[in-house]
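Single-letter residue listing:
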Amino acid sequence: MLRRIAVAPLLLLLVVSPPVQAGTPDPWTWPLEDHAIGDRFDPPATDYGRGHRGVDLAATAGDAVRAVAAGRVVFAGQVGGIGVVTIDHGRERSTYQPVTARVKVGDAVRAGQVIGTLLGSPSHCAGACLHLGRLAGDDYLDPLELLGGGRFRLIDPTGKPPAPPAGVGGHGLQRPVGGRITSPFGMRVHPVTGERKLHDGTDFGVPCGTPVHAAAAGTVVGRSHSKAYGKRVVIRHQPDFETSYNHLSAQSVSVGDRVTAGQVIGRSGNTGLSTGCHLHFMAVKSGKPVNPQDYL
């Protein structure tokens, strides 16, 4: 009888004790060797709406994929024919696809541990890419908030120093979309007119409807629809420096809007003098087009 009395309060305590409250998630480490960001987080307006529920990180098929933080594997298999790994970090979960898992359900992993190998297909990117997701319950969150938005790199203090970030003349830009470069800046024969002339921007091969992001913070100074450039958005970043986004299928900002780096300003398309879905991205300095790749 005395033993029952002693045990009962302990059982009651275990039942009614409140759960540990989640605090701010710890920063994530980069899951790939390279830190190239493609399509960014663009949550849908509704549960079943169109959007991008994670971030695409450009890579090469066969690259090692690493855990972004310590945790336990809760899924390692296929969803709809796509290899997926999910890791529970306690407060949140991270997801990785398309990958061939090197871990199994129940495995404890540490930050930076190799959990799989990146597959080249199936891929919703123009080339190979890792789609990294971040979940809190059923809510999708932006992975770049914990990865530092791609502005910082985590390096080994005892290793070889990394190359300095790209950017010329103080105008460091981020890629407006993922995908491969299908036509660089420079002289070429125009695929429609057959005329040899300057290709005044860089073409990124992405499907129509891909979210297009501002390459840097600035003010929208142009929104037009012309025969050559199709639907176009122009952003001024400095008095002498602008970027423009051409052949869009949709424009989601207006003249006078202030935009932040990475903000969605439209969707890629095939409007104007174009031969297929892509983004024609331009950089203009002091009124003259310059090579965007010098600034990315």
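What counts and how
- For every chain, the first residue of the written sequence is number 1, and numbering continues from 1 along that sequence.
- Local features in this predicted model are restricted to residues of pLDDT 70 or higher, and side-chain atom pairs are both shown and tallied only at a pLDDT of 80 or more, whereas totals for entire chains, interfaces and linings draw on every residue.
- Excluded from the side-chain calculations are hydrogens and water; all other atoms, namely the structure's heavy atoms, are used.
- Any pair of cysteine sulfurs within 2.5 Å is marked as a disulfide.
- In DSSP terms, a helix is any run of H or I states spanning at least four residues, a strand is any run of E spanning at least two, and both are numbered starting from the N terminus.
- Three labels apply to residues, based on accessible area from a 1.4 Å probe with only protein chains included: buried if under 20% of the type maximum, exposed if over 50%, partly exposed otherwise in between.
- Note on definitions: a residue-residue contact is assigned when non-hydrogen atoms from the two residues lie within 4.5 Å.
- Note on pairing: DSSP must find at least two bridges between two strands before they are called paired.
- For helices, the fitted axis covers only the stretch in contact; all axes are lines through C-alpha atoms, and the angles between them, taken along N-to-C directions, range from 0 to 180 degrees.
- When a carboxyl oxygen of Asp or Glu lies within 4 Å of a side-chain nitrogen of Lys or Arg, that pair is called a salt bridge.

Caption draft 1: Spatial organisation of the state of the cysteines. Within this structure, the stated rule accounts for 1 disulfide. Here Cys 208 pairs with Cys 277 through a disulfide, and the sulfurs are 1.9 Å apart. Every disulfide takes its handedness from the sign of the S-S torsion; for Cys 208 and Cys 277 that torsion is -95 degrees, giving left-handed. Placement of Cys 208 in the loop between β14 (202–205) and β15 (211–213) and of Cys 277 in the loop between β20 (264–268) and β21 (279–285) is noted, with a sequence separation of 69 residues between them.

Caption draft 2: Quick look at the side chain of Asp 203. Its location among the elements puts Asp 203 in strand β14. Taking the relative accessible area as the measure of exposure, Asp 203 reaches 6% and is therefore buried. Excluding residues that lie within four positions of it along the chain, Asp 203 makes contacts with Arg 180, Ile 181, Thr 182, Ser 183, Arg 188, His 278, Leu 279 and His 280.

Caption draft 3: View of the sheet that holds strand β8 (residues 114–118). Spatial ordering of the open sheet is given by β2-β8-β6, a layout of 3 strands whose pairing is antiparallel. Either end of the sheet is taken by a strand with one partner, and the two such strands are β2 (64–66) and β6 (99–101). Averaged over all neighbouring strand pairs, the angle between strand axes comes to 40 degrees, with direction disregarded. Alignment of β6 against β8, held across 3 bridges, turns out to be antiparallel. Directly across from Ala 101, in β8, lies its bridge partner Gly 116.

Caption draft 4: Region of the structure containing the pattern of salt bridges. In total, this model carries 6 salt bridges according to the counting rule given. Between Arg 267 and Asp 42 there is a salt bridge, with the nearest N and O atoms lying 2.8 Å from each other. On the criterion of sequence distance, the pair formed by Arg 267 in strand β20 and Asp 42 in the loop between α1 (2–16) and β1 (54–58) is long-range, its members being 225 residues apart. The salt bridge partner of Lys 104 is Asp 107, with a shortest N-O separation of 3.3 Å. Salt bridges sharing partners connect three or more residues here, namely Glu 92, Arg 134 and Glu 145.

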